[in-house]
Amino acid sequence: VCWGLLPERLSYSYMHIQVLAIVLFSALGNLVLAPLLTGEKVEPWSSIVLSHFVTWLVGSALVIVLASEFGFSTYAWSLLASTLAGLLITSALAFSGVTLMVHCN
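Owing to the predicted nature of the structure, the values given are computational and were not obtained by experimental measurement. (Residues numbered from 1 in each chain as written. Predicted model: local features only at pLDDT ≥ 70, side-chain atom pairs only at ≥ 80, totals over all residues. Heavy atoms only, no water.)

Can you explain the overall build of the chain? Please cite residues and give values.
Of the regular secondary structure elements, the chain holds four helices and zero strands. When its helices and strands are written in sequence order, the chain yields α-α-α-α. Across the 105 residues in the chain, those meeting the buried criterion constitute 31%. If you take every contact in the chain between residues at least 6 apart in sequence, the share linking residues at least 24 apart comes to 72%. (Helix = DSSP H or I, 4+ residues; strand = E, 2+ residues; numbered from the N terminus. Buried < 20%, exposed > 50% of the residue type's maximum accessible area, 1.4 Å probe, protein only. Contact = heavy atoms within 4.5 Å.)

So what about a nonpolar patch on the surface? Which residues, and what values?
A surface patch of nonpolar side chains, about 1,100 Å² in accessible area, is lined by Tyr14, Ile17, Phe25, Leu50, Phe53, Val54, Leu57, Val58, Leu62, Leu66, Phe70 and Phe72. Those elements that provide at least two residues to the nonpolar patch are helix 2 (15-39) and helix 3 (44-69). Relative to the assigned elements, Ile17 resides in helix 2. (Patch = residues over 30% accessible without salt bridge, like charges linked within 9 Å, V, L, I, M, F, W, Y side chains within 5 Å. Areas by Shrake-Rupley, 256 points an atom, 1.4 Å probe, with all protein chains shown as cover. Salt bridge = Lys/Arg side-chain N within 4 Å of Asp/Glu carboxyl O.)

For the nonpolar core, give the residues involved together with the corresponding values.
If you look at the biggest cluster of nonpolar residues, it comprises 10 residues: Met15, Val19, Ile22, Ile48, Trp56, Val63, Ala81, Ala85, Ile89 and Leu93. Of all the elements in the fold, those that place two or more residues in this core are helix 2, helix 3 and helix 4 (75-104). The element that contributes the greatest number of residues to this core is helix 4, accounting for four residues. Residues within four places of Val63 in sequence aside, it is in contact with Gln18, Ala21, Ile22, Ser68 and Ser78. (Core = buried A, V, L, I, M, F, W, Y, C linked by side-chain atoms within 4.5 Å.)

So what about the environment of Leu20? Which residues, and what values?
Its location among the elements puts Leu20 in helix 2. Counting along the chain gives 61 residues from Leu20 to Ala81, while the straight-line C-alpha distance between them is 9.1 Å.

Residue-level account of the packing of helix 2 against helix 3, with values.
The N-to-C vectors of helix 2 and helix 3 enclose an angle of 140 degrees; their axes lie 7 Å apart at closest approach. Here helix 3 runs oblique to helix 2, going by the angle between their axes. Read as a crossing pair, helix 2 and helix 3 show a hand that is right-handed. (Axes fitted to C-alpha atoms, helices over the stretch in contact; angles between N-to-C directions. Parallel < 35°, antiparallel > 145°, perpendicular 65-115°, else oblique. Left-handed = near helix turned anticlockwise from the far one by under 90°.)

A description of helix 2 should follow, citing residues and the corresponding values.
Spanning 25 residues, helix 2 covers 36 Å between terminal C-alpha atoms, matching the ideal 36 Å at 1.5 Å per step. Taking the largest bend as the criterion, helix 2 deviates by roughly 40 degrees, centred on Asn30. Residues of helix 2 that are buried include every one of Met15, Gln18, Val19, Ile22, Ser26, Gly29, Asn30, Ala34 and Leu37, and no others. Just downstream of helix 2 lies Lys41, where phi reads positive at about 60 degrees. (Expected span 1.5 Å × (residues − 1). Bend = angle between axes of the 7 residues up to and from the residue.)

Help me get a handle on the confidence of the model for the chain, residues and values and all.
Averaged over all residues, the pLDDT of the chain is 80; the fraction at 70 or higher stands at 78%. Here helix 1 (residues 8-11) is the element of the chain with the lowest mean pLDDT, 56, and helix 3 is the one with the highest, 88. (pLDDT = per-residue confidence, 0-100.)

Here it is in structure tokens:
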């Protein structure tokens, strides 16, 4: 996939796919983890932030290991993709996500 946004030297790292995989894993993991934490009578803010952090961390670790193991990317590019995914998730939560989720809870 080439959208013309990245220089040629970045296209081999599959960074956009790694970021998408981490965010997707985080979203799917939250479907399972957030209700479990809510059922344990954890504060709504804590359960949402904790579930997003844990699923981001596990998703990032999986992507870093798998991408470097299968030769799709190096550790450095995978760490950068993990950081970008973390910033994306954090900014989505900071701007409106957590407030809406807590009110629905």
